[in-house]
Amino acid sequence: MSTTPTTGSDGTSPEQPSDGYDARPDTTEVDEAAHLRPMHAHVSAADYLTQMWDRRSFASAMPLEEIRTSHQDTLLGNVWHLVNPMLSVGVYYLVFAVFLDARGGIENYVLWLMIGVFTFGLTNRSVLAGATAITSNIGLMRSMRFPRALLPVSAVFGRLVTFGFELAVLFVVAILTGEGITQRVLALPIILAVHTVFNLGLAMIAARLNDSYRDVQQLIPFVFRLLMYVSGVMFPVRQYIDDAEAPGLISRIVSLNPMVQILDLYRWVFLGEPVSLWRVAEFIALTALVLVFGFRFFRVKELAYGRA
């Protein structure tokens, strides 16, 4: 006597669980009134961004919890978020100011160096966190359905929060060293926003690359270590190029380095160093391209994340 196999409420048999990624042709109709759609259906960029905005609390809660628990077992706790970059500043000052005397005539070298280390470190940490945003949240992605781009967004947001402590130190040092706070500080939120957008674009690119090739997260620290020496973090790289009468091509390559532009903008705010409006415009245009490309590059593999 034959029996009829039971089916679930979604029309699938117990032996064929539905995970939203069924390779068979989709024949499910979307219930527009309930705002439901097949989990594997393609959504437009506008709908995708809307979904991200609707889940913005998710993107902010994750990094805040990570910050709260990251150093809870240490003696100094979350003070390490500030101690680590300060120790780096101390080491670089000892090497480049005391041993090598590579200050290049910069009067307030301490503040100049701190700006370089802190702002460059923000990009470094953001990209590295973005690279591991997918690979370190496999379990979360398999248990919940949400726009995967929220993971690199969350990673960048978390690093931005800790950068707030470093900004506070820069303000204190600027006052203690006699630089003071000028009206240029009013441009700081705009500069910080552009910097964050740039970091987010790079983080999305790194997230997808590292999901495909896990070696990427191992290479990123070496890439940024090399980039640090050609970005003017510890010494005025442009001045040394000019003094050595380097070819115009080398000077142009250094000028096109986006990290040079970022550091120049922060040093303009705190130290009043001159900046080129044309180069600032170039950097803003590059930032927009990096974000658009990074977002599209990341979304191509949206349905594959977490399935490996």
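A brief look at the structure comes next. All of these numbers come straight from a predicted model, not from anything done at the bench.

### Some points on the nonpolar core
Across soluble globular proteins, nonpolar side chains show a tendency to be buried alongside one another. Grouped together as the largest cluster of nonpolar side chains are 51 residues, with contacts concentrated most on Y109, L111, F118, L170, M234, Y266 and F270. The set of elements that each furnish at least two residues to this core consists of α3 (80-99), α4 (109-131), α6 (150-176), α7 (188-212), α8 (216-229), α9 (237-243), α11 (258-271) and α12 (277-299). Looking at this core, the element that brings in the most residues is α4, giving twelve residues. Beyond its immediate chain neighbours, meaning those up to four positions away, L111 contacts L170, V173, A174, T177, E179, F270 and L271. By size, the runner-up hydrophobic cluster in this structure holds 23 residues, among which are M141, F146, L150 and A203.

### Some points on the packing of helix α2 (residues 56-70) against α6
α6 packs onto α2 with a crossing angle of 50 degrees between their chain directions and a minimal axis gap of 8 Å. Viewed along their axes, α2 and α6 adopt a mutual orientation that is oblique. Relative to α6, α2 is oriented so that their crossing is right-handed. Counting all contacts with α2, which are made through F58, A59, S60, M62, P63, L64, E66 and I67, the residues of α6 involved are L150, L151, V153, S154, F157, G158, R159, V161 and T162.

### Section: the pattern of salt bridges
Considering all chains together, one arrives at three salt bridges under this definition. Here R103 ties to D101 by a salt bridge, and the two come within 3.5 Å at their closest N and O atoms. The shortest N-O distance in the salt bridge between E166 and R125 comes to 3.3 Å. You can see E166 sitting in helix α6 and its partner R125 sitting in helix α4, a full 41 residues away along the chain. Exposure remark for E166: the relative accessible area of 0% places this residue in the buried category. Taking the relative accessible area as the measure of exposure, R125 reaches 29% and is therefore partly exposed.

### Considerations on the packing of aromatic side chains
Describing an aromatic ring pair means giving the distance of the ring centres and the angle of the ring planes. The tally for this structure, following the rule as stated, stands at twelve aromatic pairs. Note on Y92 and F96: the rings are 6.4 Å apart at their centroids and 55 degrees apart in plane angle, and the pair reads as tilted. Taken together, the residues Y92 and F96, both in helix α3 and four residues apart, mark about one turn of the helix. Judged by relative accessible area, F96 falls into the buried class, the value being 9%. Members of the aromatic cluster, each reached through a chain of ring pairs, are Y92, F96 and F235. Seen from the ring of F297, R208 lies directly overhead, with NZ or CZ sitting 4.1 Å from the centre. The residue whose ring lies beneath R299 is Y48, and the NZ or CZ to ring-centre distance is 4.4 Å.

### Considerations on the side chain of N108
Among the secondary structure elements, N108 is positioned in the loop between α3 and α4. According to the relative accessible area criterion, N108 is buried, its value standing at 11%. Of note is the side chain of N108, whose polar atom sits 3.3 Å from the side chain of E179. Discounting chain neighbours no more than four positions away, the residues touching N108 are T177, E179 and L271.

Rules behind the numbers
- Residues numbered from 1 in each chain as written.
- Predicted model: local features only at pLDDT ≥ 70, side-chain atom pairs only at ≥ 80, totals over all residues.
- Heavy atoms only, no water.
- Core = buried A, V, L, I, M, F, W, Y, C linked by side-chain atoms within 4.5 Å.
- Buried < 20%, exposed > 50% of the residue type's maximum accessible area, 1.4 Å probe, protein only.
- Helix = DSSP H or I, 4+ residues; strand = E, 2+ residues; numbered from the N terminus.
- Contact = heavy atoms within 4.5 Å.
- Axes fitted to C-alpha atoms, helices over the stretch in contact; angles between N-to-C directions.
- Parallel < 35°, antiparallel > 145°, perpendicular 65-115°, else oblique.
- Left-handed = near helix turned anticlockwise from the far one by under 90°.
- Salt bridge = Lys/Arg side-chain N within 4 Å of Asp/Glu carboxyl O.
- Phe/Tyr/Trp six-rings, centres within 6.5 Å; stacked < 30°, edge-to-face > 60°.
- Lys NZ or Arg CZ within 6 Å of the ring centre and 35° of its normal.
- Polar contact = N/O pair within 3.5 Å; in protein donor to acceptor, adjacent residues only side chain to side chain.

Everything listed is a geometric property; what it means functionally is a separate question.
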